[in-house]
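# Residue-level structure breakdown
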Amino acid sequence: MADLTATSVPIATGLADVAGAAVAASSGGDTAPVGPGRLLYVANGDASPHTVTVATPGTVKGHAIADAVVPVAAGDHALIPLANVYRGSNGRAAITYDAVTSVTVAVLEIET
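The rules behind these values
- Residues numbered from 1 in each chain as written.
- Predicted model: local features only at pLDDT ≥ 70, side-chain atom pairs only at ≥ 80, totals over all residues.
- Heavy atoms only, no water.
- Pairing = 2+ DSSP bridges.
- Helix = DSSP H or I, 4+ residues; strand = E, 2+ residues; numbered from the N terminus.
- Buried < 20%, exposed > 50% of the residue type's maximum accessible area, 1.4 Å probe, protein only.

An order of E1-E4-E11-E6-E9 is seen for the five strands of this open sheet, with the pairing classed as mixed. A single partner strand is all that each edge strand has here, and the edge strands are strand E1 (2-3) and strand E9 (68-72). Here strand E6 (residues 50-54) pairs with strand E11 (residues 92-97) via three bridges, running antiparallel. Across the sheet, Val-54 pairs through a bridge with Ile-95, a residue of E11.

This paragraph deals with unusual backbone geometry. With a phi close to 50°, Lys-61 is a non-glycine residue in the positive phi region. Relative to the assigned elements, Lys-61 resides in the loop between strand E7 (59-60) and strand E8 (63-64). A relative accessible area of 81% places Lys-61 in the exposed class. Even without glycine at this site, Ser-102 takes up a positive phi of about 60°. Along the chain, the position of Ser-102 falls in the loop between E11 and strand E12 (103-111). Given a relative accessible area of 44%, Ser-102 falls into the partly exposed group.

Assignment of secondary structure puts Ala-66 in the loop between E8 and E9. Residue Ala-66 is classed as exposed on the basis of its relative accessible area of 62%. For the pair Ala-66 and Val-85, spaced 19 residues apart in the sequence, the C-alpha separation amounts to 11 Å.

Below you can see the structure in the form of structure tokens.
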């Protein structure tokens, strides 16, 4: 798993080159910082759809919370909020992909 770092997005100016902040998704999955204002940007440049899964390690009254499973259509983009519910024991979200061909990702952090 690769540890993704957050790219700051100033609220006053935005981020003009989101794709430039993205890196190739890791075939073994990635980890990312979580918290308010943090988003996972996913770009699927492949001709096939792909699925991104963000693990939800917690439970409610002893029942597992379902993981976030986000389909990303071929040639499309997704933004997935990285809420605290995804925080694992290492303080980071665990992210996996059904395949990584032509998939790039970035963690964006909105500065307020």
